[in-house]
Amino acid sequence: MKKQLRSLFILSFLFANAQAQQKISADSIRSKMQWFADAKLGIFIHYGIYAVNGIDESWSFYNKKISWQDYMKQLNGFTAKKYDPTAWAALIKQSGAQYAVLTTKHHDGVALWDTKEKHYDVVDNTPAKRDLVQPLFDALRKQNIKCGAYFSLIDWSYPDYPGFTKDSSRYTLKDQPERWNKFKTFLFNQLKEVSTRYNPDLYWFDGDWEHSTEEWQSQQIRSLLLARNPNTIINGRLQGYGDYDTPEQNFPVTRPHYNWWELCMTINNNWGYQPKDTNWKTPYEVITIFTDAVSNGGNLLLDIGPKEDGTIPQQEVHVLQELGKWNAKHHEAIFGTLGGIPQGHFYGPTTLSKDSSTLYLFLPGKTSGQIAIKGLANKIQTIEVVGNGTKLQHKIVGKISWSPVPGIVYITVPANVQDEYETVLKVKLDGPVKLYSGRGGLQ
Ligand code: GLC
């Protein structure tokens, strides 16, 4: 009996310990993810030799729109002669973004740094002849912007990478495991280079879909990077070993179930510079997509594609500047907030202050007249127009004194307080937000 009690005691001790451990690791992930959760906006930079011809990054040879040999001829035209990392960082700062992610190596295998591995890089194989990562990270860090390294796991130009390689030689891992091992040594060496030289705050992996967790050794990759910097964040494209999810080009329709997520999106229809693509999003479109992501608890990673010489297309500069103006005016409603109230209470995006006692309502387009909030159980203290200060009146309809139904709040928004792109209202509540979603009457 005594023995049984003892083992029961040991078991419950072990269980409590395991639970405590789990809590510690959940807490430490939460704290390492805090800057990312507060950041809301990042700028993605697809810079590479594909900007020379203005064609699809890597995919153009993969999809046989151009031969691999002709694709690689772009190496000779990549000059970076107007590359100005200080100006890039200033523009990124101006947009309101809190982090930036640079393509250190895309699927074409061309590194933007001076790799010591026997493979392509812009220092040894292009007229640019310089490292394009460090100067940008330095400039970004001066502006207090976190630095992310996009890194393609796939390398379609490496001779020992199976799948599409320069001589089209395919092999299976089962038949030639030693070639795969060679590739992996190369991959790990390049990752060591990136992590030791630049110590990114975030890794943005891509292309994990071509192999399994075991084949990539995702866990080892994660450990390698965390050993260098335990606070670094890894995106969700490492076959199950990332920290957050990365939906792509897809406007959130319902709220994703992840703790952290980031929508990556282009400003026209392509990631890299493509002069033929003139389908530019307008500032209004970008701002409304952005606020929708933030309302749903996510970030937006908005992409720019510099030209081969390093200049940023004017249309992208314009969008970043307009977004920046809007962000500066509406800062408090975006940065450091929480995702908003569930859809259905208000027809539009919303966010909440960290203590959830301030509710921000976003009004896309030229909304004036009456807007409504359903099922808000709090008392409203004040309503004002963000960045403008005008106080607004509200009216509650349908509130019966003895019923739990809070009634519907109507707010009148005059036309003259509207923002050019998206007006934001700040609704101060009497305490943390309380929502009613019953069916009405006495329930
Ligand atoms: C894709 C593509 C790639 C692009 C990336 C950005 O997965 O392979 O070309 O860089 O998405 O999210």
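Draft legend 1. View of the overall build of the protein chain. Assigned secondary structure in the protein chain consists of 13 helices and 15 strands. Across its three principal directions, the C-alpha atoms of the protein chain cover 80 × 80 × 40 Å. For the protein chain, buried positions account for 53% of its 443 residues. Per element, the accessible surface of the protein chain, about 20,200 Å² overall, is 53% carbon and sulfur. With 49 positive and 44 negative side-chain charges, the protein chain shows a separation of 7 Å between the mean positions of the two kinds.

Draft legend 2. Geometry of the environment of T350. Tracing the sequence through the fold places T350 in strand 9 (residues 350–352). On the accessibility criterion, T350 (1% relative accessible area) is buried. Distance from T350 to E316, taken between C-alpha atoms, is 26 Å for residues 34 residues apart in sequence. Beyond its immediate chain neighbours, meaning those up to four positions away, T350 contacts S295, G339, G340, I341, L359, Y360, L361 and F362. At 3.0 Å, the side chain of T350 and the backbone nitrogen of I341 are in polar contact.

Draft legend 3. How the structure looks around the sheet that holds strand 11 (residues 369–374). Strand order in the open sheet made by the three strands is 11-14-13, with antiparallel pairing throughout. Looking at strand neighbours, the two that pair on one side only are strand 11 and strand 13 (394–397), the edges of this open sheet. Going from strand to strand, the sheet's axes swing by 30° on average, the running direction of each strand aside. By the bridge criterion, six bridges tie strand 11 to strand 14 (residues 408–413) in an arrangement that is antiparallel. When the bridges of strand 14 are listed, G369 appears paired with V413.

Draft legend 4. Summary view of the environment of S403. Along the chain, S403 falls in the loop between strand 13 and strand 14. A sequence separation of 37 residues divides S403 from G440, and the C-alpha atoms of the two residues are 8.4 Å apart. In terms of polar contacts, S403 uses its side chain to reach the backbone amide nitrogen of V405, at 3.0 Å.

Draft legend 5. Inspection of the site of the ligand at higher detail. H46, E57, W59, H106 and H107 are the nearest of the 14 residues found near the ligand. A distance of 2.7 Å separates an oxygen atom of the ligand from a polar atom in the side chain of E57. Residue W59 places a side-chain N or O atom 2.9 Å away from an oxygen atom belonging to the ligand. For the ligand, the accessible surface in isolation is 310 Å², of which the surrounding protein chains cover 94%. In terms of residue class, the shell around the ligand is made up of seven nonpolar, three polar and four charged.

Draft legend 6. The nonpolar core, seen in detail. Membership of the largest hydrophobic core comes to 91 residues, with the highest contact counts inside it found for I45, Y47, L140, F205, I221 and L302. For this core, the leading source of residues is helix 9 (residues 177–198), giving eight residues. Residue assignment places this core across two domains, with domain 2 (35–329) and domain 3 (338–429) each supplying three or more. Ignoring any residue separated from it by four or fewer positions in sequence, one finds L302 in contact with G42, I43, F44, M265, T266, I267, V286, V319, L320 and L323. I341, I383, L392 and V417 belong to the second-largest nonpolar core, a separate cluster that totals 20 residues.

Cut-off values and rules
- Residues numbered from 1 in each chain as written.
- Predicted model: local features only at pLDDT ≥ 70, side-chain atom pairs only at ≥ 80, totals over all residues.
- Heavy atoms only, no water.
- Helix = DSSP H or I, 4+ residues; strand = E, 2+ residues; numbered from the N terminus.
- Buried < 20%, exposed > 50% of the residue type's maximum accessible area, 1.4 Å probe, protein only.
- Areas by Shrake-Rupley, 256 points an atom, 1.4 Å probe, with all protein chains shown as cover.
- Lys, Arg positive; Asp, Glu negative; His and termini not counted.
- Charge placed at Lys NZ, Arg CZ, Asp CG, Glu CD.
- Contact = heavy atoms within 4.5 Å.
- Polar contact = N/O pair within 3.5 Å; in protein donor to acceptor, adjacent residues only side chain to side chain.
- Pairing = 2+ DSSP bridges.
- Axes fitted to C-alpha atoms, helices over the stretch in contact; angles between N-to-C directions.
- Near = heavy atom within 4 Å.
- Nonpolar A, V, L, I, M, F, W, Y, C, P; charged D, E, K, R; others polar.
- Core = buried A, V, L, I, M, F, W, Y, C linked by side-chain atoms within 4.5 Å.
- Domains from an automatic or database assignment.

Taken by themselves, the reported measurements are silent on function.
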